[in-house]
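# Residue-level structural notes
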Amino acid sequence: MAELVLPITRQVSKEKWKAGTPTIDINLRDVEDCLIYDRCGVSFPFKNLYQDSKSVIIFVRNFLCYSCKDYVDDLSKVPRGALEEAGIRLVVIGQSAHQHIEPFCLLTGYSHEMYVDPKRSIYLKLGMKREETFTASALPSPHVKSGLFMGQIKSIWRAMTSPAFDFQGDLHQQGGAIIVGPGSHIHFCHFDMNRLDHMPITWLLQLAGVQQSLDFSDKPKIIHV
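Computed from a predicted structure; not experimentally measured.

Position of Tyr115 relative to the elements: it lies in strand S6 (residues 113-116). Note: C-alpha distance between Tyr115 and Ile36 (79 residues apart in sequence) is 6.3 Å. Discounting residues that sit within four places of it in the chain, Tyr115 has contacts with Ile36, Tyr37, Asp38, Phe44, Leu49, Arg89, Val91, Val92, Ile93, Gly94 and Ile101. There is a polar contact of 2.7 Å between the side chain of Tyr115 and the side chain of Glu113.

Written out as structure tokens, the structure reads:
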């Protein structure tokens, strides 16, 4: 009988980050003029996202990735009021064609800003990883609810039923997250090692200055009346 291999559902631990300190040395001058596209296919320079405000910018692997779908599901729960109170822009960037933005937003309920870098110019110039590396010392991901098998089945089904049958980006490309602005000042950055290594949303927002406490767990809530 073949050995049962359990899915890896672990994530880099919180101790690897220090508030307000970038963990990776990156230069935004290399990418500030790279073009990103909105859901209508209108392009503009990447630097427009952070010139005049502090922005939390999250790069996802691809829109078919089940762990990215779960992660953006939780990002959709971030209250707009909490971001506005902190003066923060929340942005998701994918690497598909722009036609996939609208269906992915509808699927996840995500209503904040979302754009695409279809040529992966920003991913590549910032040095985001391609291929996955798993670590033994990590915490369970607080955002990925899907198991490996069912997650991949759902991803394949979404690819097959998509109006444009494609994989919506390079399947091996990893993502990351940066907190930047106003201007080119980088407050924090993290590049994912694998599909489960997303920066926990609560930590990310706290580092950006969001004061409101958010709970993304699926555990039942007890309401005292």
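Looking at the element boundaries, Asp73 is found in helix H1 (residues 66-75). Relative accessible area serves as the criterion here: at 17%, Asp73 is assigned to the buried category. Leave out the neighbours within four places in its chain, and Asp73 touches Leu107 and Thr108.

Here the structure, examined in full by the defined rule, presents five aromatic pairs. Measuring from ring centre to ring centre gives 5.1 Å for Phe44 and Tyr115, while their planes differ by 90°; the resulting arrangement is edge-to-face. In this pair, Phe44 is assigned in strand S3 (residues 43-45) and Tyr115 in strand S6, connecting sequence segments 71 residues apart. Take Phe44 and Tyr115: they sit in the same class, and that class is buried. Ring geometry for Phe59 versus Tyr123: centroids 5.3 Å apart, planes at 80°, classification edge-to-face.

Another point: the side chain of Arg120. Among the structural elements, Arg120 can be located in the loop between S6 and helix H4 (121-126). For Arg120, the side chain forms a polar contact with the side chain of Gln173, separated by 2.7 Å. If sequence neighbours within four positions are ignored, Arg120 has contacts with Gln95, Arg130, Asp170 and Gln173.

Along helix H3 (residues 101-108), the residues classified as buried are Ile101, Phe104, Cys105 and Thr108. Seen along its axis, H3 keeps its buried residues to an arc of 100°; they face one direction. Of the residues one or two after H3, Gly109 is the one with positive phi, at around 75°.

About the criteria used
Residues numbered from 1 in each chain as written. Predicted model: local features only at pLDDT ≥ 70, side-chain atom pairs only at ≥ 80, totals over all residues. Heavy atoms only, no water. Helix = DSSP H or I, 4+ residues; strand = E, 2+ residues; numbered from the N terminus. Contact = heavy atoms within 4.5 Å. Polar contact = N/O pair within 3.5 Å; in protein donor to acceptor, adjacent residues only side chain to side chain. Buried < 20%, exposed > 50% of the residue type's maximum accessible area, 1.4 Å probe, protein only. Phe/Tyr/Trp six-rings, centres within 6.5 Å; stacked < 30°, edge-to-face > 60°. Arc of directions from axis to C-beta.

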